[in-house]
Each structure stands twice: as C-alpha cells, then as structure tokens.
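What follows is each chain in one-letter form.
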Amino acid sequence: MVLQTYRKLSPRARLGVGIAFTLWGLIGLKLSDKAEEKLGYTPTEEDRKALERFKPRIIEVEKEVEKVIGSEK
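Residues numbered from 1 in each chain as written. Predicted model: local features only at pLDDT ≥ 70, side-chain atom pairs only at ≥ 80, totals over all residues. Heavy atoms only, no water.

Could you clarify how one ought to interpret the overall build of the chain in this entry?
In terms of helices and strands, the chain carries three helices and zero strands. N-terminal to C-terminal, the α/β element order of the chain is α-α-α. Out of the 73 residues in the chain, the part that is buried amounts to 0%. Entry remark: accessible area of the chain is about 8200 Å², with carbon and sulfur atoms responsible for 61%. (Helix = DSSP H or I, 4+ residues; strand = E, 2+ residues; numbered from the N terminus. Buried < 20%, exposed > 50% of the residue type's maximum accessible area, 1.4 Å probe, protein only. Areas by Shrake-Rupley, 256 points an atom, 1.4 Å probe, with all protein chains shown as cover.)

Pasting the structure below:
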C-alpha cells in the first residue's frame, strides 16, 4: 500500500522523499555519537576487548595455479 502511494507521486516528489530520508539518516548518524556521549553509553576498553572475539578474521591461503586444459605440457 505504501509502495503504491509512493509510485503515484510525481518524480519530483519522489526525489524530495528520497532526499528527506537520506538527510534524516545522515543527521541521525551525526547526532547518535553526541547523544551516546551525553547519555554515558560510550564503550569502555573492556567492552572493546570483549567485542574483538566476534570480529571476523581473514586467513590468507595460498593456492597452486592449476594447469589450463590444452596448455603446453
């Protein structure tokens, strides 16, 4: 239902809605750090160390180059 209403808007109105949502998101990103500091939700070093356990690790594995079929032998 919401999608149908959105599609009925003029292209200019859709652009305005898109810009409004983008600005809303950007403002939220900027203000969330400040609100986090004021409310005392900044992570401690202990919290950061605990999160390191869940951080994905990338392990590089060397792979031999396979011979292409039909190449020189």
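Please clarify how a nonpolar patch on the surface should be interpreted in this entry.
A surface patch of nonpolar side chains, about 700 Å² in accessible area, is lined by Leu15, Ile19, Leu23, Leu26, Ile27, Leu29 and Leu31. Topologically, isoleucine 27 is positioned in helix α2 (residues 11-39). According to the relative accessible area criterion, isoleucine 27 is partly exposed, its value standing at 48%. (Patch = residues over 30% accessible without salt bridge, like charges linked within 9 Å, V, L, I, M, F, W, Y side chains within 5 Å. Salt bridge = Lys/Arg side-chain N within 4 Å of Asp/Glu carboxyl O.)

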